[in-house]
Structures are given as structure tokens and as C-alpha cells.
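# Examination of the molecular architecture
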Amino acid sequence: MNVPDAVETADAGVADEKAPPPPTRRAVGAALAVGALGLALDQGTKALAAARLTPGERVPLLGDLFGLSLVYNPGAAFSLGAGSTWIFTAVGVLASVAVVVFAVRLRGLRWGLALGMVLGGAVGNLVDRLGNPPAIGQGHVTDFLAYGSLFVGNVADVFVVAGVGLVCLNLASPRPGENHRVRNAQP
């Protein structure tokens, strides 16, 4: 060990003593809990919408800005890719697995909440793709939240968008107590 290495090691020891300990809980527990809640809310509201709403009719809630309108969507957002439903099923499976892998590796409630929202939304729409007609893996997603004349979505979509927004915030903001001091490699 040379002198610069010894100084760096000593500095690292001092910095470690002053820094708060890292969170001890992994994000996976929170992600799974939030994901399960998101899935339950999504599937419950979809079942309620399918039981109470008539396809093609609109129930205004905030005039023309927001309402309820039952639609069975074979594609993605804005019904894009309606002929490629199996691709969205595969992407949903891969996204769900990726979120769980990230949640296992990350720590902290903030990451658990963000990843859990993405997971709950992805699995919510994946359940529709796997279980709804016309076929397994090609099922249509139940949408019922009508945003003006722009598009119709569901609770799973809300969870995905909010979760991705939280992921972006987590990436943009440091964890409390994180030290962002830049070290000069020169002694």
C-alpha cells in the first residue's frame, strides 16, 4: 500500500463514520405490497366497470374533460398496435420480471413504492392480456377512464405512469444523507 492509498483508505473510514447507515430494507417487500394493491385496485375497478357500464356509452363525470366509457382495447395506448397484442403480452412479462429484479437489488421505501406502482400496473394489464377474449396472450385490456376525447385508460395505466414518474424523481434526487462530494484523485 502506498501513501496515497493509505490516505484514501483513512479518508474513506472517516467518511463512513460520518455518513448515515444505508437503509436496511430492500425495496422488494414494498414493491410487492404496492404491486399487489395496484393489481387488486385495477382488477376490481375493471370488474366493476364491466358490470356497470355499457360499451360505447359515456358517463360524464367532469363534463367533457373526464368520464367513464367502457372499451376493450386490443392494442397499447391509443389502441396502437392492435394487431400485435402478443408483443404487448411479452413486453408485460419482461417488464414485470425486470421490476422485481430491480426491487431485489435496490434498497429503500422510495424505490419500493415507485417499482411497486409500475409492477402493479404492468401485471394488471398483463392479467387482461392473458385472461380476456379473444385468446390467451392476445386478450383485450379493459379500459374505462375516458380523458376527454384523447384516450381511454384504466387504473393500471395510472399506476404505471405514476410509478415511472416516481422512478424519474428517484433518479433525479439524491437519497437523504447521500454524500455527493467529488474526490480529487490527486493527493
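Residues numbered from 1 in each chain as written. Predicted model: local features only at pLDDT ≥ 70, side-chain atom pairs only at ≥ 80, totals over all residues. Heavy atoms only, no water.

## Thoughts on the overall build of the chain
For clarity, the cut-off: We count a stretch as a helix when DSSP gives it H or I for four or more residues in a row; a strand needs E for two or more, and each element gets its number in order from the N terminus. For every residue, the accessible area obtained with a 1.4 Å probe (protein chains only) is divided by the maximum for its type, and the residue is called buried under 20%, exposed over 50%, and partly exposed between those limits. Any two residues whose heavy atoms approach within 4.5 Å at even a single point are treated as in contact. All accessible areas in this document rest on Shrake-Rupley with a 1.4 Å probe, and a residue is counted as covered only by the protein chains that are shown.
Secondary structure summary: the chain contains 5 helices and 4 strands in total. Helices (α) and strands (β) of the chain occur, in sequence order from the N terminus, as α-α-β-β-α-α-β-β-α. Burial status across the chain gives 29% buried among its 187 residues. Nonlocal contacts in the chain, meaning residues at least 24 apart in sequence, comprise 65% of its contacts between residues at least 6 apart. About 11500 Å² of surface is accessible on the chain, with carbon and sulfur atoms providing 69% of the total.

## What about the nonpolar core?
Filter applied, for reference: Joining through side-chain atoms within 4.5 Å is the link that ties buried Ala, Val, Leu, Ile, Met, Phe, Trp, Tyr and Cys residues into a set, and such a set is a nonpolar core.
Counting 10 residues, the largest nonpolar core is built from A27, A31, V99, A103, W111, A114, L115, V118, L119 and V167. Contributions of two or more residues to this core are made by α3 (85–105) and α4 (109–131). For this core, the element with the most residues is α4, which contributes 5 residues. Counting residues in each nonpolar core, the second largest holds 9 residues, with L53, L70, M117 and L145 among its members.

## Quick word on the UniProt feature "active site" (unreviewed entry) in the chain
For clarity, the threshold we go by: UniProt positions are given in the numbering used here, feature names are shortened, and annotations may be inferred rather than shown by experiment.
According to UniProt, the feature "active site" (unreviewed entry) maps to D143 and D157 in the numbering used here. Along the chain, D143 turns up in strand β3 (residues 141–147). Of the residues examined, D143 reaches a relative accessible area of 3% and is grouped as buried. Beyond its immediate sequence surroundings of up to four residues, D143 is in contact with S69, L70, V71, N73, V152, G153, N154 and D157. Mapped onto the elements, D157 comes out in helix α5 (residues 155–172). Exposure remark for D157: the relative accessible area of 28% places this residue in the partly exposed category.

## Examining the pattern of salt bridges
Charged atoms that come close allow side chains of opposite charge to pair. Put simply, the rule reads: Whenever a carboxyl oxygen of Asp or Glu lies within 4 Å of a side-chain nitrogen of Lys or Arg, that contact is scored as a salt bridge.
For the structure shown, the criterion picks out 2 salt bridges. For D42, the salt bridge is made with K46, and the minimal N-O distance between the two is 2.8 Å. Here D42 and its partner K46 are both found in helix α2 (residues 28–52), 4 residues apart, which amounts to about one turn of the helix. Like K46, D42 is buried. One salt bridge connects D128 with K46, and the closest N-O pair in it is separated by 2.8 Å. Placement of the pair is D128 in helix α4 and K46 in helix α2, with a sequence separation of 82 residues. A relative accessible area of 4% means that K46 is categorised as buried. Salt bridges sharing common partners tie together D42, K46 and D128.

## A word on α2
So the rule is basically this: One less than the residue count of a helix, multiplied by 1.5 Å, gives the span that helix is expected to have.
End to end, α2 covers 36 Å across 25 residues, agreeing with the expected 36 Å (1.5 Å per residue, within 8%). Among the residues making up α2, those that are buried are A30, A31, V34, G35, G38, D42, K46 and A49.

## Focus: unusual backbone geometry
Of note, the amide linkage connecting P133 to P134 takes the cis form, showing an omega dihedral of 15°. With respect to the helices and strands, P134 occurs in the loop between α4 and β3.

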